[in-house]
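# Analysis of the macromolecular model
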Amino acid sequence: MTVAVETGLWQLDTTASTVALRHKTMWGLVTVKGTFGAVTGQGEVRPDGSAVGTVTLDATTLDTGNAKRDTHLRSADFFDADHHPEITFAVRGAELRDGDKVHVVGQLTVRGISRPQSFTARLIGSDADSLTLDTEFSVNRDQFGMGWNQLGMIRGLTTVAATLRFVRTAA
């Protein structure tokens, strides 16, 4: 069964959406988790059922529960939030396939560096006025100029987990 999503313009519901990171540090012994406090976005579902849009994260709002670590993550060693305060994902195409699976293709920009990124999301809720997507995918931070790795403590990929709720906007 394929779920139909209403065509038109959609706005991210910032109060019901979350974007979080997970990364193993200390030689894989410790998992650091963080959440972005400010996430915005919008999109359009076209008459053919495909979708385009943008999700923007405020890099200065990353909270890992450790103020010293958060300051370091915002520094030039990582997100360089003073020069690049926004992380954006521009959705070039999203298509509902195989029931609740959404194939998403786009461009991820971190620290002013853009790279193609694709992943599968799940449509976990949909009605005439709202839709909710849930996804988890991996990002190689080295591709975005975040190669800082003192004593080889940080290895592997960063996992991004997002639950994004969109609401229809008035036409």
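To keep things clear, this report deals only with the structure shown in the data block. Note that the structure is a prediction, hence the values are computed from the model and not measured. Sequence order as written defines the numbering, with residues in each chain counted from 1. Under the rules for a predicted model, residues below a pLDDT of 70 receive no local features and side-chain atom pairs below 80 are neither given nor counted, while totals for whole chains, interfaces and linings still include all residues. The side-chain quantities take in all heavy atoms of the structure and omit both hydrogens and water.

Definition used for salt bridges: Asp or Glu carboxyl oxygen within 4 Å of a side-chain nitrogen of Lys or Arg. With the rule as written, the count across this model stands at four salt bridges. Its salt-bridge partner being Asp-13, residue Arg-165 comes within 2.7 Å of it at the nearest N-O pair. In this pair, Arg-165 is assigned in strand 11 (residues 158-168) and Asp-13 in the loop between strand 1 (8-12) and strand 2 (18-25), connecting sequence segments 152 residues apart. Partly exposed describes any residue whose relative accessible area lies between the buried limit of under 20% and the exposed limit of over 50%, with all areas from a 1.4 Å probe on protein chains only and scaled to the type maximum. By relative accessible area, Asp-13 is classed as buried at 18%. Residues Glu-136 and Arg-22 are paired through a salt bridge, measuring 3.1 Å at the closest nitrogen-oxygen approach. Placement of Glu-136 in strand 10 (residues 130-139) and of Arg-22 in strand 2 is noted, with a sequence separation of 114 residues between them. Elements are defined by DSSP. Helices are runs of H or I of four residues or more, strands are runs of E of two residues or more, and each kind is numbered from the N terminus.

Looking now at the pairing of strand 9 (residues 113-126). Across ten bridges, the pairing between strand 8 (residues 101-110) and strand 9 is antiparallel. Residue pairing for strand 9: Val-110 is matched across the bridge by Ile-113. Linkage of strand 8 to strand 9, two consecutive antiparallel strands, is achieved through a turn of two residues, within which Arg-111 is found at a positive phi near 60 degrees. DSSP bridges decide pairing: two strands pair if at least two such bridges lie between them. Here five bridges tie strand 9 to strand 10, and the two strands are oriented antiparallel to one another. Paired with Leu-123 across the two strands is Leu-133, which belongs to strand 10. Hairpin geometry of strand 9 and strand 10 is characterised by an intervening segment of three residues between the two adjacent antiparallel strands.

The next point concerns the environment of Gly-43. Structurally, Gly-43 can be placed in strand 4 (residues 39-45). Residue classification places Gly-43 among the buried residues on the basis of a relative accessible area of 16%. Taking the C-alpha atoms as reference, Gly-43 lies 5.9 Å from Leu-9; in sequence the two are 34 residues apart. In what follows, a contact means two residues having at least one pair of non-hydrogen atoms within 4.5 Å. Excluding residues that lie within four positions of it along the chain, Gly-43 makes contacts with Gly-8, Leu-9, Trp-10, Val-52 and Gly-53.

Let us now look at the packing of aromatic side chains. Any two of the Phe, Tyr and Trp rings considered here, Trp counted by its six-membered ring, make a pair once their centres fall within 6.5 Å; the pair's planes then place it as stacked at under 30 degrees, edge-to-face at over 60, or tilted in between. With the rule as written, the count across this model stands at three aromatic pairs. Centroid distance Phe-36 to Phe-79: 6.2 Å. Interplanar angle 80 degrees. Geometry classified as edge-to-face. With Phe-36 in strand 3 (residues 30-36) and Phe-79 in the loop between helix 1 (67-74) and strand 7 (86-97), the pair connects residues that are 43 residues apart, well separated along the chain. Of the two residues, Phe-36 and Phe-79, both sit in the buried class. Both rings, one in Phe-89 and one in Phe-119, keep their centres 5.5 Å apart while their planes meet at 45 degrees; by these two values the pair is tilted.

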